Amino acid sequence: MHIAVTGNIGAGKTTLAQLLAQHYDWDVLYEAVEGNPYLADFYGDMERWAFNLQIYFLNSRFGQVKYIHNVLKDGAARSIIQDRTIYEDAYIFARNLRESGTLSERDYNTYRHLFDSMLSLVHPPDLMIYLRADIARLTGQIQKRGRSYEQSISETYLVNLNRLYDEFTAQYTVGRLLIIDVNELDYTSQPDDLQAVIRQIDACLATHTLLQ
């Protein structure tokens, strides 16, 4: 199966993907953050680097989509969990940059035409897990992990992303969706919290199996 974890910056996607991979013995595909040549520049000057960053993420995510499709098509016994999806790149992050005026209409239209061309080759995940978090939780996690380039992220930027995430998940119909409120969860250090998440996922996976 293909499982994806989605959510705003600081929601805990990577951590949960790692923990679920360990629990279920899944392979993990991480977001292209480490070694990303545009990310630090983007947070320093969003208007200058927005298009470059979005194209970089889109290309990286499309490569993951092709890899997942090939692995599952070949009948591999492995399941894959993905840290963020290609849908978020276009429907949330690029859209937010356009709405805020950070990304020009010309660049946004070029980006969306490329995304729409790719979309015909994209298979939705068997299960998408959306980690919903409020701004206090997001900013706390961003500060805690201490990435220097993330410290300049404004609260307004996170608020707008949260709004678009809620709109996206409310309209998501191409696959199974599980929404988990993570505001009161600490699945890193509290085993009971992790088990509560796993029970919800088990229920979704059991339903998926019955539908096969």
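Up top is the structure these notes are about.
Everything numeric here is computed off the predicted structure, so don't read it as measured data.

*Asks:* Residues and numbers for helix H7 (residues 155-171), please.
*Replies:* Taking 1.5 Å per residue as the helical rise, H7 with its 17 residues ought to reach 24 Å, and the 25 Å between its terminal C-alpha atoms agrees with that figure. Regarding H7, the residues found buried are Tyr157, Leu158, Leu161, Asn162, Leu164, Tyr165, Phe168 and Thr169.

*Asks:* Pulling in residues and values, what's your account of the nonpolar core?
*Replies:* Most often, soluble globular proteins keep nonpolar side chains buried together rather than apart. The biggest cluster of nonpolar side chains holds 64 residues, and the ones touching the most others in it are Ile9, Leu20, Trp26, Leu131, Tyr187 and Ile201. Broken down by element, the residue count for this core peaks at seven residues, all from helix H4 (residues 86-99). Residues contacting Leu20, with those up to four places away along its chain left out, are Asp25, Trp26, Ile81, Ile129, Ile198 and Ile201.

*Asks:* How would you sum up empty space enclosed by the protein? Please name residues and give values.
*Replies:* On inspection of all chains with the given rule, the structure shows one cavity of 30 Å³ or more. Each pocket or cavity is described by its volume, and for the largest cavity that value is around 50 Å³. For the largest cavity, the full set of lining residues is His2, Val65, Gln82, Thr85, Ile86, Tyr87, Val122, His123 and Pro125. Considering only residue class, the lining of the largest cavity consists of five nonpolar, four polar and no charged.

*Asks:* Please set out the layout of surface pockets residue by residue, giving values where relevant.
*Replies:* There is about 690 Å³ of room inside the largest pocket. Forming the walls of the largest pocket are 33 residues, and the residues nearest its centre are Gly10, Lys13, Thr14, Arg145 and Arg147. When contributions to the lining of the largest pocket are tallied by element, the ones reaching two or more residues are helix H1 (13-24), helix H2 (39-44), helix H3 (46-73), H4 and helix H6 (135-145). Each pocket or cavity is described by its volume, and for the second largest pocket that value is around 200 Å³. Around the second largest pocket, the lining residues are Tyr87, Tyr91, Arg95, Leu119, Val122, Leu164, Glu167, Phe168, Gln171, Tyr172, Thr173 and Val174. Mapped by element, the contributors of at least two residues to the lining of the second largest pocket are H4 and H7. At four residues, the largest contribution of residues to the lining of the second largest pocket is made by H7. Split by residue class, the lining of the second largest pocket holds eight nonpolar, two polar and two charged.

*Asks:* Pulling in residues and values, what's your account of the pairing of strand E4 (residues 127-132)?
*Replies:* Counting buried positions along E4 yields five of six residues, so the element is predominantly enclosed. Two elements, strand E1 (residues 2-7) and E4, share five bridges in a ladder whose sense is parallel. If you follow Thr6 over to E4, its bridge partner there is Tyr130. Sheet topology places E4 next to strand E5 (residues 176-181); six bridges connect them, and they run parallel. The residue of E5 that forms the bridge with Ile129 is Leu178.

*Asks:* Any details on the pattern of salt bridges? Residues and values, ideally.
*Replies:* By the definition in use, this model includes 15 salt bridges. Between Asp89 and Arg61 there is a salt bridge, with the nearest N and O atoms lying 2.7 Å from each other. You can see Asp89 sitting in helix H4 and its partner Arg61 sitting in helix H3, a full 28 residues away along the chain. Per residue, the accessibility class of Asp89 equals that of Arg61, and both read buried. Beyond isolated ion pairs, a larger network of salt bridges with shared partners links Glu31, Arg61, Arg84, Glu88 and Asp89.

Rules of the game
Residues numbered from 1 in each chain as written. Predicted model: local features only at pLDDT ≥ 70, side-chain atom pairs only at ≥ 80, totals over all residues. Heavy atoms only, no water. Helix = DSSP H or I, 4+ residues; strand = E, 2+ residues; numbered from the N terminus. Expected span 1.5 Å × (residues − 1). Buried < 20%, exposed > 50% of the residue type's maximum accessible area, 1.4 Å probe, protein only. Core = buried A, V, L, I, M, F, W, Y, C linked by side-chain atoms within 4.5 Å. Contact = heavy atoms within 4.5 Å. 1 Å grid on protein atoms, 1.4 Å probe; cavity = no way out; pocket = protein on both sides within 12 Å on 5 of 7 lines; lining within 4 Å. Points joined across faces, edges and corners; volume = space filled by probe spheres on them. Nonpolar A, V, L, I, M, F, W, Y, C, P; charged D, E, K, R; others polar. Pairing = 2+ DSSP bridges. Salt bridge = Lys/Arg side-chain N within 4 Å of Asp/Glu carboxyl O.

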